[in-house]
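Tertiary structure, described
Here are the chains, one letter per residue:
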Amino acid sequence: MADTPARNLPFGSLVTAMVTPFTADGAVDFDATAALAAKLVDDGCDGLVVSGTTGETSTLEDSEKEDLYRVVVETVGDRARVIAGTGTNHTSHSVEMARRAERAGAHAQLVVTPYYNKPTQAGVLAHFDAVAAATDLPIMIYDIPGRSAIPITTETMLRLAENPKIGALKDAKADFAAVTRVLASTDLDVYSGDDGLTLPWMAAGAVGVVSVSAHVATAAFRALVDAAAAGDLAEARRVHFQLDPVIRAVMTHIPGAVSAKYILHLQGVLANAVVRLPLVEADEHELRPILADLAEAGWDLDALDGREDIRA
């Protein structure tokens, strides 16, 4: 990939939060994982999150996660940043996963706000500081109150930014005023954690996106990120509108891991769309709006791998 103003960042600029491919019987498919990682990087990603939410981290064993980190590092670690999803709601467990990620050769880690426990902001600060102190891996903080039940307040984020191990924020709370203050007051690399907000976030100074939809439209997301980073807002806006129905298809009807795997299967990239319980594959009713959105985006569904068996 040629260098552009949007590339060569410590965490990358177009970062796909990878799904975890499974075999038909539900085992982790490491060969398919390697193939998917290579394809994503070939198509324009310069960063990959491994075993994040979209990677079904909550249903993976620790040993599976460590093996996934290692496989992706060995496959694309010389061409893209490999960011290990290590965060849990248990600080000592998160520390252990950070150490496993470092052992596997990951370049960085994505650490989510401790979920379910609903700690105070003092607890949030102590949690991230403890994980940061455990290894030399730089941290991208993941602020997603819709899943964690609490936000990271702006005041807490400003304090976390003082930690030299914390270098980036993946923002998924859609609070433009809060993001603006973080951008204006810290040196953190900020990433949109909502695919559809990539353009406005980058217009304000974010450096890229951690995306689920980029699985299925990598080149278009690459064009969007590069145009926004170069200040070509007219081109970025054009691609933003082009991507809107694709993002709706992936992100608004069913869980992103389920829809992304389905569309990757539709494209012939994955051999199946298997997910682990409590996620289940989409039924015919759920697939209809996804296919309608893809048709609106101009996709030729009949040409996609001839897969009549999975088109409702």
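Below is a short write-up of the structure. What you are looking at is a predicted structure, and each value in this text was computed from that prediction instead of being measured.

**Regarding the nonpolar core**
- The biggest cluster of nonpolar side chains holds 88 residues, and the ones touching the most others in it are Leu48, Ile141 and Ile263.
- Per element, the largest residue contribution to this core is seven residues, and it comes from helix α10 (residues 233–251).
- Excluding residues within four positions of it along the chain, Ile263 makes contact with Val216, Ala249, Val250, Ile290, Leu294 and Trp299.
- Formed by 16 residues, the second largest nonpolar core is a distinct cluster that contains Ala17, Val112, Ile144 and Val207.

**Quick look at the side chain of Thr186**
- Within the secondary structure, Thr186 sits in the loop between α7 (176–185) and β7 (189–192).
- What makes Thr186 buried here is its relative accessible area of 13%.
- Here Val182 takes part through its backbone oxygen, which lies 2.8 Å from a polar atom of the side chain of Thr186.
- A distance of 3.2 Å separates a polar atom in the side chain of Thr186 from the backbone nitrogen of Leu188.

**As for the packing of helix α3 (residues 91–104) against helix α4 (residues 121–134)**
- Close contact between α3 and α4 brings their axes to 9 Å; oriented N to C, the two are set at 30°. With respect to α4, the element α3 is oriented roughly parallel. Between α3 and α4 lies a crossing of right-handed hand. Contacts between α3 and α4 involve Thr91, Ser94, Val95, Ala98 and Arg99 on the former and, on the latter, His127, Ala130, Val131 and Ala134.

Conventions used here
- Residues numbered from 1 in each chain as written.
- Predicted model: local features only at pLDDT ≥ 70, side-chain atom pairs only at ≥ 80, totals over all residues.
- Heavy atoms only, no water.
- Core = buried A, V, L, I, M, F, W, Y, C linked by side-chain atoms within 4.5 Å.
- Buried < 20%, exposed > 50% of the residue type's maximum accessible area, 1.4 Å probe, protein only.
- Helix = DSSP H or I, 4+ residues; strand = E, 2+ residues; numbered from the N terminus.
- Contact = heavy atoms within 4.5 Å.
- Polar contact = N/O pair within 3.5 Å; in protein donor to acceptor, adjacent residues only side chain to side chain.
- Axes fitted to C-alpha atoms, helices over the stretch in contact; angles between N-to-C directions.
- Parallel < 35°, antiparallel > 145°, perpendicular 65-115°, else oblique.
- Left-handed = near helix turned anticlockwise from the far one by under 90°.

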